[in-house]
Structure formats: C-alpha cells, structure tokens
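Coordinate inspection notes
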Amino acid sequence: MLITFEGTEGCGKSTLIRNLSRNLEALRIPHIVTREPGGSIVAEQIRYLILHHEMAPLTELFLYEAARAEHFHKTVLPALEDGKWVLCDRFTDSTLAYQGFARGLDIGMIEKLNLMATGRRKPDLTFFLDLPVEEGLSRAQDPNKFEKAGISFQKKVRKGFLHSIRKNRNRFRILKVKNRSPDQVCEAALRVLRNFL
Ligand code: TYD
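Scope of this entry: the structure provided in the associated data block. (Residues numbered from 1 in each chain as written. Predicted model: local features only at pLDDT ≥ 70, side-chain atom pairs only at ≥ 80, totals over all residues. Heavy atoms only, no water.)

All right, on to the overall build of the protein chain then. Looking only at helices and strands, the protein chain has 9 helices and 5 strands in total. Of the regular secondary structure in the protein chain, the N- to C-terminal order runs β-α-β-α-α-β-α-α-β-α-α-α-β-α. In terms of C-alpha radius of gyration, the protein chain reaches 16 Å, essentially the compact-globule figure of 16 Å for 197 residues. Viewed in the frame of its principal axes, the protein chain has a C-alpha envelope of about 45 × 40 × 30 Å. Sorting the 197 residues of the protein chain into buried and exposed places 50% on the buried side. Sequence separation of at least 24 residues holds for 78% of the intrachain contacts in the protein chain that already meet a minimum separation of 6. When the accessible area of the protein chain is evaluated, it comes to approximately 9900 Å², of which 53% is carbon and sulfur surface. Where the 32 positive side-chain charges of the protein chain centre and where its 23 negative ones centre are 5 Å apart. (Helix = DSSP H or I, 4+ residues; strand = E, 2+ residues; numbered from the N terminus. Rg over C-alpha atoms; globule rule 2.2 N^0.38 Å. Buried < 20%, exposed > 50% of the residue type's maximum accessible area, 1.4 Å probe, protein only. Contact = heavy atoms within 4.5 Å. Areas by Shrake-Rupley, 256 points an atom, 1.4 Å probe, with all protein chains shown as cover. Lys, Arg positive; Asp, Glu negative; His and termini not counted. Charge placed at Lys NZ, Arg CZ, Asp CG, Glu CD.)

Take the environment of Pro-143 next. Relative to the assigned elements, Pro-143 resides in the loop between α6 (133-139) and α7 (145-148). Assessed through its relative accessible area of 34%, Pro-143 is described here as partly exposed. Along the sequence, Pro-143 and Phe-161 sit 18 residues apart, while their C-alpha atoms lie 21 Å from each other.

Glancing now at the sheet that holds strand β3 (residues 85-89). Spatially, β2-β3-β1-β4-β5 is the arrangement adopted by the 5 strands of the open sheet, whose pairing is parallel. The open sheet terminates on both sides in strands that have one partner only, identified here as β2 (31-35) and β5 (172-176). On average, adjacent strands in this sheet sit at an angle of 20° to one another, irrespective of strand direction. When strand β4 (residues 125-130) meets β5, the two strands line up parallel, connected through 5 bridges. Considered in β5, the bridge of Thr-126 is made with Phe-172. Running over the sheet, helix α8 (residues 151-167) touches β1 (2-7), β4 and β5 and is turned about 140° from β4. (Pairing = 2+ DSSP bridges. Axes fitted to C-alpha atoms, helices over the stretch in contact; angles between N-to-C directions.)

Before going further, it helps to examine the packing of aromatic side chains. For the structure on display, the rule yields 7 aromatic pairs. Where Tyr-64 meets Phe-146, the ring centres are 6.5 Å apart and the plane angle is 45°; that geometry is what we call tilted. Taken together, the residues Tyr-64 in helix α3 (residues 57-81) and Phe-146 in helix α7 connect sequence positions 82 residues apart. What makes Tyr-64 buried here is its relative accessible area of 11%. (Phe/Tyr/Trp six-rings, centres within 6.5 Å; stacked < 30°, edge-to-face > 60°.)

Looking at the element boundaries, Arg-171 is found in the loop between α8 and β5. Engagement of the side chain of Arg-171 in a polar contact is seen with the side chain of Asp-93, the distance being 2.8 Å. With residues up to four places along the chain from it excluded, the contact list for Arg-171 reads Asp-93, Pro-123, Asp-124, Leu-125 and Thr-126. (Polar contact = N/O pair within 3.5 Å; in protein donor to acceptor, adjacent residues only side chain to side chain.)

In structure tokens form, the structure reads like this:
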C-alpha cells in the first residue's frame, strides 16, 4: 500500500504520520515513513535547494519532479516490492496544488511529469487533512518560503487540493482537523484504514 498525506501548511500531517506509524508498529504491519521532497540521499539534497532558494517556477517544478523520481525509485518502490506499506508525507497532489494552482504552471504538463516520475504508480489511498489555511499558517514556527507566501497563496494551494479530490474521489479520504486533537485525527485515520482493508 502506498498511502500519501496531503494538506495545506500546518495541518498536522507529520504528527498524524508519527501516530499512525506507532499504531502500525503495534499491529506488526511492516512499513516505512518517508517524505517529499526528500526521502533519499539525492532527494534530500534537492529538498535543501528548493526550500532555501528562490527560483523560477519551472525550475522549482523540475526539481520537485527530479527529487520524486529519485525518491520513488530508491525508496518507495523497493519498500513496496518488499511488501511494506509506505506512508509518504506529501506526493504528486502537492505538485499540482503548489506548482500548478498556486504558481500557475500548466496542470496538464504537471500531470504528465507526475506520471513519469512515479512510473505511473498512483497512491492507493490519500488522506487530505482539512484545516482552514488561516489556522494552519498561524501554527507555523520557522516558516518556509511557501508559508511566507501568505494566505492568498495558501488559498490557491487549497483550491488545487480540492480539484484533485474532485477528480479522484475513490483515492481520497478527507480528515477534519479543526477542533480535533491529534489522537482523534489518528483514530479517524485508523477507522478509514480498517474500512479500506
Ligand atoms: P515542509 O517544511 O516539509 O512543509 P510541510 O511540513 O508543510 O510538508 O516543506 C515542504 C514544502 O514543499 C511544503 O511547503 C510544500 C512544498 N511542496 C511543493 O511545493 N511541491 C511539491 O511537489 C511538494 C512535494 C512539496
């Protein structure tokens, strides 16, 4: 199973993934936790470049896709072939939302690049953590360049995710985060997994 986690900034993906991983360990379900951009030696170096430099939108897109191709072939695919579950913090839907809807690059081109970078493998399940962008941004400590871009940028990102959800209803599960504790969000995700299986 390839399970991805998406959302706007500060929605609590990392906490959920950590909590889910603990639960999967207790259930003795072999899995890895990884992230994009990053998750392999080369991809982590590309991550550093992307997050610490301003660059042309197209450069940014190609770097995300290069990091993805590397991460997919070095980390994700070997784990899946080993029979492990892969929990991935952000994946192809983030590129559509950030580089497509927020940066304004061509959606069709991004969809093609996403398919190329992942050898056409799509996630089996994608959790979208739903939190108003204002609330997420106010949680951000040490903001990265996308968080610094502000509320109107994040609103475009959110629109992008809603577009992906509409186009991929079978794959997406929406988890409400507002007014819920991390434990409640994790319980909701575990319920989804039980039903899915
Ligand atoms: P990170 O600090 O990990 O943010 P978060 O905890 O919100 O995931 O930085 C990753 C940033 O990269 C995040 O702001 C979203 C952005 N991103 C893209 O713009 N395009 C992509 O394809 C991916 C995977 C991430």
